[in-house]
Amino acid sequence: MAFLRPVRRPRAVIFDMDGLMLDTERLALAAWQQASAALGLRCDPDVARRMVGRNQADAMAIVREHHGADFPVDAVMAESAAAYEAIVAREGIALKPGLAALLDWLAGERIATAVATSTRRGRALTKLERTGLLQRFTAIVGGDEVARGKPAPDIFLAAAARLAHAPERCIVLEDSEPGLHGAHAAGIAPIMVPDLHPPSADLLALAPLVLASLDDVRLHLAALPVD
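**Structural notes on the packing of aromatic side chains**
Each aromatic ring pair is summarised here by two numbers: the centre-to-centre distance and the angle between the ring planes.
Inference 1: Per the counting criterion, the structure on display carries one aromatic pair.
Inference 2: In this structure, R123 is placed above the aromatic ring of Y84, and the distance from its NZ or CZ to the ring centre is 4.9 Å.

Have a look at this one:
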């Protein structure tokens, strides 16, 4: 079954965070590679790719599934988190091009906004405050606030409920394949803006709407009919 596509201007837009608004996926990958090297372990790029968009519990399960139950995933995660914070302290966190213009346009059109991120809520709030984005959103839902992570629909249904809008009147903006599947499962039309990884052939077979940038998202939404 093909993915839902937006056919009218939404009443609410639900944003992913890392890789969609914040240019942090490359930082996370670098931190994972540094942590693996520091512990004398091999970093498999395919495992890192599969972890994108997942909450911490699911990411750890993916690592154990690939490397085996005796793989020191807790140690790697702790080392990776420390490496990530060191990178952020040196480089800061950059916003993705077009984000500010998109948020300004949505505010001008009185379209509600929320964040639905696999990142734990406390860490997400820190990132959003650090980048000056926290006040731009009515609702924030972290990955530790729902029973099941993406690609389950839970986080997107929670975000729509906090905005008091029906799922079919929302859209989801995502860079990850688990996020697209989760939005579709929630009955919400997703738009993909790829980050580090282009959409897979299996995903493209489901005909998702894929746009190159957040500027393209703004132009696409502005062209949709209003009802």
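Picking up after the structure, the text goes on.
**Thoughts on the pattern of salt bridges**
Opposite charge on two side chains allows them to pair when their charged atoms are near.
Inference 1: Taken as a whole and judged by the stated rule, the model has 15 salt bridges.
Inference 2: The salt bridge involving R26 is made with E91; its shortest N-O contact spans 3.6 Å. Within this pair, whereas R26 is found in helix α1 (residues 25-38), its partner E91 is found in helix α4 (residues 73-91), the two being separated by 65 residues in sequence.
Inference 3: Residue R136 pairs with D104 through a salt bridge whose shortest N-O separation is 2.7 Å. On the criterion of sequence distance, the pair formed by R136 in the loop between α6 (121-130) and β3 (139-141) and D104 in helix α5 (residues 99-108) is long-range, its members being 32 residues apart.
Inference 4: By sharing partners, the salt bridges in this structure join R8, R169 and D227 into a single network.

**Some points on helix α8 (residues 177-185)**
The periodicity of an α-helix, 3.6 residues per turn, causes residues three or four positions apart to be oriented the same way.
Inference 1: Every buried residue belonging to α8 is among P178, G179, L180, G182 and A183, and all of these are buried.
Inference 2: Taken together, the buried residues of α8 touch α7 (154-163), β4 (170-174), β5 (189-192) and α9 (201-204).
Inference 3: In this structure S176 caps α8, since a side-chain oxygen of it lies 3.1 Å from the backbone nitrogen of G179.
Inference 4: In the segment just after α8, G187 is the residue with positive phi, at about 80°.

**Considerations on the packing of α4 against α6**
Inference 1: Two elements in contact, α4 and α6, have axes whose closest approach is 14 Å; the angle formed by their N-to-C orientations is 10°. Taken together, the axis directions place α4 and α6 in an arrangement best described as roughly parallel. When α4 is examined against α6, the residues Y84, E85 and V88 are found in contact with a partner set consisting of R123, K127 and R130.
Inference 2: For the contact of α4 with α6, the class distribution of residues is two nonpolar, no polar and four charged.

**A few points about the pairing of strand β1 (residues 12-15)**
Inference 1: The two faces of β1 match: A12 and I14 on one face and V13 and F15 on the other face are all buried.
Inference 2: The pairing of β1 with strand β2 (residues 112-116) spans four bridges and is parallel. Bridge pairing in β2 links I14 to A114.
Inference 3: As paired strands, β1 and β4 are joined by four bridges and run parallel to one another.

Rules behind the numbers
Residues numbered from 1 in each chain as written. Predicted model: local features only at pLDDT ≥ 70, side-chain atom pairs only at ≥ 80, totals over all residues. Heavy atoms only, no water. Phe/Tyr/Trp six-rings, centres within 6.5 Å; stacked < 30°, edge-to-face > 60°. Lys NZ or Arg CZ within 6 Å of the ring centre and 35° of its normal. Salt bridge = Lys/Arg side-chain N within 4 Å of Asp/Glu carboxyl O. Helix = DSSP H or I, 4+ residues; strand = E, 2+ residues; numbered from the N terminus. Buried < 20%, exposed > 50% of the residue type's maximum accessible area, 1.4 Å probe, protein only. Contact = heavy atoms within 4.5 Å. Polar contact = N/O pair within 3.5 Å; in protein donor to acceptor, adjacent residues only side chain to side chain. Axes fitted to C-alpha atoms, helices over the stretch in contact; angles between N-to-C directions. Parallel < 35°, antiparallel > 145°, perpendicular 65-115°, else oblique. Nonpolar A, V, L, I, M, F, W, Y, C, P; charged D, E, K, R; others polar. Pairing = 2+ DSSP bridges.

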